[in-house]
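# A closer look at the structure
Now for the letters of each chain:
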Amino acid sequence: MGAGALTKDAEPVNAERQRWLALAEKALAGASFEEKLVSHTDDNIRIEPLYDRATAAEPIVRTNPRSPWIVSQRVDDPDVDRAKAQVLDDIAQGATGLSLVFEGAPNAFGYGLPRTAQALETVLDGVPLNRVQIRIDTHPWSRPMADWLVAFLSKRRSDPAKLNLSFGIDPAAILAGTGRLRMSIEALQESMPQSLAHFFSMGVPGVLLEADGRVFHNAGATEAQELGIMLASAVSYLRMFEKARQPLVYAAPHIGFALSVDQDQFLSMAKVRALRRLWARVQEACSIPYSTANIHAETSFRMMTALDPETNILRTTIGCFAAAAGGADSISILPHTIAHGLPAPFARRVARNAQLIMANESHVDHVADPAYGSGAVEALTADLCEAAWAELQTIEAEGGILSSLRDGHIQARVRDTAARRDAAFKTGERAIIGTTLYPQRSERPVETLDAVPRPAFAEGVVLCEPLFATRIDQSVGAVS
């Protein structure tokens, strides 16, 4: 189809666009405009080669646009003393947040801190809590960990109003990532609002409940699937509080989100922006005052490669830039050697410094919404919102997030998506630089820390098919 056919039934376009279309048609020399210049995302969202400037209603900004995003370093070393040394070094070198990843967590990738109150207190000893965000990564024991953290804060006589905390409680991500829940869905829905009520009365700021999309992304979900699943989790929390007759206006600000960003810069930017717009729509539907979504972004695990690991630095840098430009409130970069084991200090330093350079030297945060008005990103944002809302409606029709996972519906959709993506890499339709394209021919030693992988979570009364994190290079057999 020629370029002229694309504009046959469209609104009149400006002269510059008409000249571009004429030049494009001439350069194609009869080749298909659709095949050569139009692409599609995994959600079958159409991406045009050229867009007019958008006229969006208003910018989409993060919670505190006047401050830089939080540079969050993962703390996932099973050796507590070594982890404590890492924490102090990270803070001394500019990190402004810590993500505590405990053993058994879906996003621990086989490692993690010991699951004890003592380990939590040890790694936080000496940390200036009033100026460092503390995140507990989504974990099967997040609820007792919240009590441990509050007890530690009381012991330190910290003022909760001056802290920035995230407790990472997310039953859906735990059920999906481990295949298990420690109590029945009915018991969970009945007990959670009462269990968390005292946190509201204490005035502890920050995120109590988190809708974590990383588990689904790293298992192969599309952008819209990840967004729709996160919305379904957040809606399930609101429904729990509503059933317990607790005001949603108090619950909504304590619901946060965690998502993955990958090397597709514009799609990742649009995903972060779409999440803010979608959460605003959910609150509008619930007739509660708008509270800005609190979004934590972590670079994708599934995009990491074992071959030529240095190319992972480029991937994570693009992902981090996309998260920052898209308006994430806090960002974690996975060290580039994570596909080989527990990252050593050098890889951790590279991950941390990439963020510091973007924030303190490149000043990426100085524009609240760089994509505002961009035809391409605004169109992607709107299309992702539409596709994600459809996924949310599908999950709701399946009985909600936990029921859908228990019955395997979400897993089936994610598995089908991953299979189609893997097929595209195997046929050469898509490529991984340094792995399937220009592959590294000889292995080089990669420095990692001495650590024994931790056992998987094995307790539970509700069982389902788990969604494990799987790198694309593993799926397509490109790992040496």
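Here, the structure is the one placed above.
Here's what I pulled together on the structure shown here.

Parameters and conventions
Residues numbered from 1 in each chain as written. Predicted model: local features only at pLDDT ≥ 70, side-chain atom pairs only at ≥ 80, totals over all residues. Heavy atoms only, no water. Pairing = 2+ DSSP bridges. Helix = DSSP H or I, 4+ residues; strand = E, 2+ residues; numbered from the N terminus. Axes fitted to C-alpha atoms, helices over the stretch in contact; angles between N-to-C directions. Phe/Tyr/Trp six-rings, centres within 6.5 Å; stacked < 30°, edge-to-face > 60°. Buried < 20%, exposed > 50% of the residue type's maximum accessible area, 1.4 Å probe, protein only. Lys NZ or Arg CZ within 6 Å of the ring centre and 35° of its normal.

Within a sheet, adjacent strands bond to each other through the backbone by hydrogen bonds, running parallel or antiparallel. Around the barrel, which closes on itself, the eight strands sit in the order β3-β4-β5-β6-β8-β9-β10-β11 with parallel pairing between neighbours. Within the sheet, the average angular offset between the axes of one strand and its neighbour, ignoring direction, is 30°. Bridging between strand β5 (residues 133–136) and strand β6 (residues 165–169) involves two bridges; their strand directions are parallel. When the sheet's bridge partners are listed, I134 is paired in β6 with L165.

Right, let's talk about the packing of aromatic side chains for a bit. For the structure shown, the criterion picks out two aromatic pairs. On the numbers, 4.1 Å between centres and 10° between planes, the contact of F109 with F301 is stacked. Here the residue F109 occupies a position in the loop between β4 (97–100) and α5 (117–124), and F301 occupies one in the loop between β10 (294–299) and α13 (311–326), the gap between them amounting to 192 residues. Under the relative-accessibility criterion, F109 is labelled buried at 17%. F301 gets classed as buried once you look at its relative accessible area, which sits at 7%. Each ring, one from F257 and one from W279, has its centre 5.2 Å from the other, and the planes form 70°; the classification is edge-to-face. You can see F257 sitting in strand β9 (residues 255–261) and its partner W279 sitting in helix α12 (residues 265–285), a full 22 residues away along the chain. On the basis of relative accessibility, which here comes to 0%, the residue F257 falls in the buried class. Over the aromatic face of W141 sits the side chain of R115, whose NZ or CZ is 3.5 Å from the ring centroid.

This next bit is on unusual backbone geometry. Notably, F109 is not glycine yet its phi reads approximately 55°, a positive angle. Although it is not a glycine, Y438 adopts a positive phi angle of roughly 50°. Locating Y438 in the fold gives a position in the loop between α17 (409–426) and β12 (462–463). For Y438, a relative accessible area of 66% corresponds to the exposed category.

The values reported here are purely geometric and, on their own, carry no functional implication.
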